[in-house]
Amino acid sequence: MKPSLKDNDSLLFRWFCKGLKYFLLALLGVSLALVVSHTFGAGAIVGVLLSQGLWIWVARIAISLVCLFAIAMIIESWS
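What counts, and where the lines are drawn
- Residues numbered from 1 in each chain as written.
- Predicted model: local features only at pLDDT ≥ 70, side-chain atom pairs only at ≥ 80, totals over all residues.
- Heavy atoms only, no water.
- Helix = DSSP H or I, 4+ residues; strand = E, 2+ residues; numbered from the N terminus.
- Expected span 1.5 Å × (residues − 1).
- Contact = heavy atoms within 4.5 Å.
- Core = buried A, V, L, I, M, F, W, Y, C linked by side-chain atoms within 4.5 Å.
- Buried < 20%, exposed > 50% of the residue type's maximum accessible area, 1.4 Å probe, protein only.
- Axes fitted to C-alpha atoms, helices over the stretch in contact; angles between N-to-C directions.
- Parallel < 35°, antiparallel > 145°, perpendicular 65-115°, else oblique.
- Left-handed = near helix turned anticlockwise from the far one by under 90°.
- Nonpolar A, V, L, I, M, F, W, Y, C, P; charged D, E, K, R; others polar.

Undergrad: So what about helix α3 (residues 52-78)? Which residues, and what values?
TA: For α3, which comprises 27 residues, the first-to-last C-alpha distance of 39 Å matches the rise-based estimate of 39 Å (1.5 Å per residue) to within 8%. Looking at the buried positions of α3, the neighbouring elements they touch are α1 (11-39).

Following this line, the structure appears as structure tokens:
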């Protein structure tokens, strides 16, 4: 039986959804690695995971995803 819903999403919106999914999975992985390495006393790994350079890249990716979402919503509203 086929679902009655149609997939009319734009390409940009699908890119945003995939990007958001992998971004959140990566954040989950980083947080899990941080908790496990902190629990077992791996100070070097904790230092890398808490470094400012890593979180600058996380912020850049998050801002890029928000911009992609905004562009996709503007294009969807014009169509």
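Still more to cover.
Undergrad: Tell me about the nonpolar core, and name the residues and values.
TA: Formed by Phe16, Phe23, Val58, Leu65 and Leu68, the largest nonpolar core amounts to five residues. Elements supplying a minimum of two residues to this core: α1 and α3.

Undergrad: Describe α1, naming the residues involved and giving the relevant values.
TA: With 29 residues, α1 ought to run about 42 Å at 1.5 Å a step, and its terminal C-alpha atoms sit 42 Å apart, in line with that. Three or more residues of α1 are buried, namely Phe16, Phe23 and Ser37. Buried residues along α1 sit against α2 (43-49) and α3. Glycine 41 sits one or two residues past α1 and shows a positive phi near 75°.

Undergrad: With reference to specific residues and values, describe the packing of α1 against α3.
TA: Between α1 and α3, the least distance of the axes is 9 Å, while the angle of their chain directions is 155°. In terms of orientation, α1 and α3 fall into the roughly antiparallel class. At the point where α1 passes α3, the crossing takes the left-handed sense. Where α1 approaches α3, its residues Leu12, Phe13, Trp15, Phe16, Gly19, Leu20, Phe23, Leu27 and Val30 are matched on the opposing element by Leu54, Trp55, Val58, Ile61, Ala62, Leu65, Leu68, Phe69, Ile71, Ala72, Met73 and Ile75. Tallied by class, residues from the contact of α1 with α3 come to 20 nonpolar, one polar and no charged.

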